[in-house]
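Structural features, examined
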Amino acid sequence: AHDFSFDIVFNQIKRRLLLVPSLSSWKTVADSDAPVVRDSPLDFTLSPQDYIQQVTECLLTLPQSLEQLTTDLKPSLRIALQNGRLRHADPMDNIGSVDHQAADLWLGAFARSTMHFYLDVILLIPKLSVHGTRQLLADVRYLFNVIDAFEVAPLDDLKHLEALLDAPEENYHSIVSSSSPPERLAERVSRMRGIS
């Protein structure tokens with residue numbers, strides 16, 4: 001029952017994220033595709049794209065929908081919440097008081113599932129222009145800001161992705177060496193960005 005309920009809600013997020021690999025913005029060559037100047041004003045003018053705004057809107061409306069879980073818990077629902085397993089639930093979460101934590105457990109599971117799925121679809125992007133790289137970085141950071149509101153830590157691999165996207169081309173390999181991201185992630189981002 002948990003998986004079915006989870007899938008119904010998560011499908012709204014998944015549908016939006018499935019569009020990510022084919023967005024034309026990744027190939028966009030802007031006037032700003034000149035060599036990157038760190039902390040350039042151009043980095044601050046990029047707004048999150050519609051797809052990530054829609055995903056975060058879905059996440060931000062979840063607390064209202066999940067509020068029903070925290071009010072008037074029926075005995076059967078209480079038992080289901082205590083014994084069920086949510087996808088991407090944090091093993092450190094303690095169910096102790098189900099009345100107060102049910103919505104938080106579900107929110108955390110949705111936030112972590114969103115980050116996992118987002119990372120998977122990002123890695124399907126065939127090629128990133130310099131502008132596309134900056135745009136993706138803005139989108140990832142926007143998601144981080146929203147996820148932070150749920151008091152959920154960003155996934156380590158998504159934090160590594162952020163660092164790899166933010167790395168200047170000339171320092172990419174030294175940043176990979178010093179931050180030790182998963183090898184497949186570093187290689188994939190290198191290919192996406194056209195860094196040899």
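So, here is what we can say about the structure in this document.

The rules behind each value
- For every chain, the first residue of the written sequence is number 1, and numbering continues from 1 along that sequence.
- In keeping with the predicted nature of the model, local features appear solely for residues at pLDDT of at least 70, side-chain atom pairs appear and are counted solely at 80 or more, and the whole-chain, interface and lining totals rest on all residues.
- Only heavy atoms go into the side-chain values, all of them from the structure, while hydrogens and water stay out.
- A side-chain nitrogen of Lys or Arg and a carboxyl oxygen of Asp or Glu constitute a salt bridge if their distance falls within 4 Å.
- Each helix corresponds to a stretch of at least 4 residues labelled H or I by DSSP, and each strand to a stretch of at least 2 residues labelled E; elements are numbered beginning at the N terminus.
- Under the scheme applied here, a residue whose accessible area is under 20% of the maximum for its type counts as buried, over 50% as exposed, and between as partly exposed, the area being computed with a 1.4 Å probe on protein chains only.
- Lines fitted to the C-alpha atoms define the axes, with helices restricted to the stretch that makes contact. Angles between their N-to-C directions range from 0 to 180 degrees.
- We call a crossing left-handed when the near helix sits turned anticlockwise from the far one by less than a right angle, and right-handed when that turn is clockwise.
- Two residues qualify as a contact provided that any one of their heavy atoms is within 4.5 Å of a heavy atom in the partner residue.
- When residues are sorted by character, Ala, Val, Leu, Ile, Met, Phe, Trp, Tyr, Cys and Pro go into the nonpolar class, Asp, Glu, Lys and Arg into the charged class, and all the rest, Gly among them, into the polar class.
- Polar contact criterion, stated in full: a pair of N or O atoms within 3.5 Å, where within protein one must be able to donate a hydrogen and the other to accept it, and residues adjacent in sequence count only if both atoms are side-chain atoms.
- Two aromatic rings, drawn from Phe, Tyr or Trp (for Trp, its six-membered ring), form a pair once their centres lie within 6.5 Å of each other, and the interplanar angle then sorts them: stacked below 30 degrees, edge-to-face above 60, tilted otherwise.

**Details of the pattern of salt bridges**
Applying the stated rule across the entire model yields 3 salt bridges. Glutamate 162 serves as the salt-bridge partner of arginine 141, at 2.8 Å between the closest nitrogen and oxygen. A residue pair is termed long-range when its members are at least 10 positions apart, and arginine 141 in helix H6 (residues 130–149) and glutamate 162 in helix H7 (residues 156–166) qualify at 21 residues. For arginine 141, a relative accessible area of 33% gives the class partly exposed. Among the ionic pairs, lysine 159 bridges to glutamate 162, the shortest N-O distance being 3.1 Å. Taken together, the residues lysine 159 and glutamate 162, both in helix H7 and 3 residues apart, mark about one turn of the helix. On the basis of relative accessibility, which here comes to 37%, the residue lysine 159 falls in the partly exposed class. Judged by its relative accessible area of 13%, glutamate 162 is buried. Look at the salt bridges and you will find they share partners, linking Arg141, Lys159, Glu162 and Asp166 into a network.

**Topic: the packing of H7 against helix H9 (residues 183–193)**
Running from N to C, H7 and H9 cross one another at 35 degrees; their axes reach a closest spacing of 10 Å. Relative to H9, H7 is oriented so that their crossing is right-handed. The residues of H9 that touch H7, namely those facing Asp157, His160, Leu161, Leu164 and Leu165, are Leu185, Ala186, Val189 and Arg193. For the contact of H7 with H9, the residue count by class is 6 nonpolar, 1 polar and 2 charged.

**Regarding the side chain of serine 25**
In this fold, serine 25 is placed in the loop between helix H1 (2–17) and helix H2 (41–45). At 2.6 Å, the side chain of serine 25 forms a polar contact with the side chain of glutamine 49. Here serine 25 is in contact with Gln49, His131 and Gly132, once residues within four sequence places are set aside.

**Here's the deal with the packing of aromatic side chains**
Applying the stated criterion to the full structure yields 3 aromatic pairs. Both rings, one in phenylalanine 10 and one in phenylalanine 117, keep their centres 6.2 Å apart while their planes meet at 85 degrees; by these two values the pair is edge-to-face. Here phenylalanine 117 lies in helix H5 (residues 98–122) and phenylalanine 10 lies in helix H1, a separation of 107 residues in the sequence. Grouping residues by exposure puts phenylalanine 10 and phenylalanine 117 together as buried. Ring geometry for tyrosine 51 and tyrosine 118: centres 6.1 Å apart, planes at 50 degrees, overall tilted. Taken together, the residues span a long stretch of sequence, with tyrosine 51 in helix H3 (residues 50–70) and tyrosine 118 in helix H5 at a distance of 67 residues. Just as tyrosine 51 is buried, tyrosine 118 falls in that class too.

Interpretation in functional terms is not warranted from these geometric data alone.
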